[in-house]
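Here are the chains, one letter per residue:
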Amino acid sequence: MLRTVLSVFDGLTVKNGEGSKNQGKNEHNLPEIDTPPSLEETRAWSESFDRLMKSAGGRKIFREFLRSEYSEENMLFWIACEDLKKEENPEIIEEKARLIYEDYISILSPKEVSLDSRVREVVNRNMIDPTPNTFDDAQLQIYTLMHRDSYPRFLNSQMYKTLIQTS
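Residues numbered from 1 in each chain as written. Predicted model: local features only at pLDDT ≥ 70, side-chain atom pairs only at ≥ 80, totals over all residues. Heavy atoms only, no water.

(A) Just helix 7 (residues 136-155), in detail. Compared with an ideal rise of 1.5 Å per residue, which puts 20 residues at 28 Å, helix 7 spans 26 Å between its outermost C-alpha atoms and is within 8% of the ideal. The largest bend along helix 7 measures about 35° and falls at His 147. Among all positions of helix 7, only Ala 138, Gln 139, Ile 142, Tyr 143, Met 146, Ser 150, Tyr 151, Phe 154 and Leu 155 are buried. Where helix 7 is buried, its residues touch helix 2 (49-54), helix 3 (56-68), helix 4 (72-85), helix 6 (117-126) and helix 8 (158-166). (Helix = DSSP H or I, 4+ residues; strand = E, 2+ residues; numbered from the N terminus. Expected span 1.5 Å × (residues − 1). Bend = angle between axes of the 7 residues up to and from the residue. Buried < 20%, exposed > 50% of the residue type's maximum accessible area, 1.4 Å probe, protein only. Contact = heavy atoms within 4.5 Å.)

This is how it looks when you write it as structure tokens:
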């Protein structure tokens, strides 16, 4: 059974590749999560990407899968956007938006997410006066990318199959 330890997502400052290779994993080489998902919940993730993304445990495990595919920045960006949407203080919104832009939108960022030119232009216009919804178009595009591209591979991955077997 999965142990019950979860590193807290802070949304903006999660770093790639910190610590040892197996840090935060159990004997099945699965990430440790706060509350072990039931078999029912784990199976529900295969029925709906939305269910997977609404589950803290699902996001954690999917993020580990994305890390193995060198595309963890997509989940980190999505989480950062969700964190921004909860903010009400205009000064903090502006600072978080700037950090998100620098970390995930800037072409100079090593964690740059793949956005088409139309969405990139929308984000650039929105950055003139950032709001909690500055990145909505970009977030939707990355969510769709994860849903169509990474999610099917996740469902067929050894990581997901092992999780089903050990739940």
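(B) Structural detail: the packing of helix 4 against helix 7. Between helix 4 and helix 7, whose axes approach to 10 Å, the crossing angle comes to 140°. Accordingly, the angle class assigned to the pair helix 4 and helix 7 is oblique. Helix 4 and helix 7 meet at a crossing whose hand is left-handed. Between helix 4 and helix 7, the residues in contact are Asn 74, Met 75, Phe 77, Trp 78, Cys 81, Glu 82 and Lys 85 and Asp 136, Ala 138, Gln 139, Ile 142, Tyr 143, Leu 145 and Met 146, respectively. (Axes fitted to C-alpha atoms, helices over the stretch in contact; angles between N-to-C directions. Parallel < 35°, antiparallel > 145°, perpendicular 65-115°, else oblique. Left-handed = near helix turned anticlockwise from the far one by under 90°.)

(C) Examining the packing of aromatic side chains more closely. Under the defined criterion, the tally for this structure stands at ten aromatic pairs. Ring geometry for Phe 62 versus Phe 65: centroids 6.3 Å apart, planes at 20°, classification stacked. Taken together, the residues span about one helical turn, with Phe 62 and Phe 65 both in helix 3 at a distance of three residues. Exposure remark for Phe 62: the relative accessible area of 0% places this residue in the buried category. Among the aromatic side chains, those forming a connected cluster through ring pairs are Phe 49, Phe 62, Phe 65, Trp 78, Tyr 143, Tyr 151, Phe 154 and Tyr 160. (Phe/Tyr/Trp six-rings, centres within 6.5 Å; stacked < 30°, edge-to-face > 60°.)

(D) Quick look at the nonpolar core. The biggest cluster of nonpolar side chains holds 37 residues, and the ones touching the most others in it are Phe 62, Phe 77, Phe 135 and Met 146. Elements that contribute at least two residues to this core include exactly helix 2, helix 3, helix 4, helix 5 (90-105), helix 6, helix 7 and helix 8. Of all the elements, helix 4 adds the most residues to this core, at eight residues. Each residue touching Phe 77, except ones within four places of it in the same chain, is listed here: Ile 100, Tyr 104, Ile 105, Val 113, Phe 135, Ala 138, Gln 139 and Ile 142. (Core = buried A, V, L, I, M, F, W, Y, C linked by side-chain atoms within 4.5 Å.)

(E) Quick look at the packing of helix 4 against helix 5. One can describe the packing of helix 4 onto helix 5 by two numbers: an axis separation of 10 Å at closest approach and a directional angle of 170°. Between helix 4 and helix 5, the angle is such that the two are roughly antiparallel. Contacts between helix 4 and helix 5 involve Glu 73, Leu 76, Phe 77, Ala 80, Cys 81, Asp 83 and Leu 84 from the first element and Ile 93, Lys 96, Ala 97, Ile 100, Tyr 104 and Ile 105 from the second. Of the residues belonging to the contact of helix 4 with helix 5, the class tally is ten nonpolar, no polar and three charged. (Nonpolar A, V, L, I, M, F, W, Y, C, P; charged D, E, K, R; others polar.)

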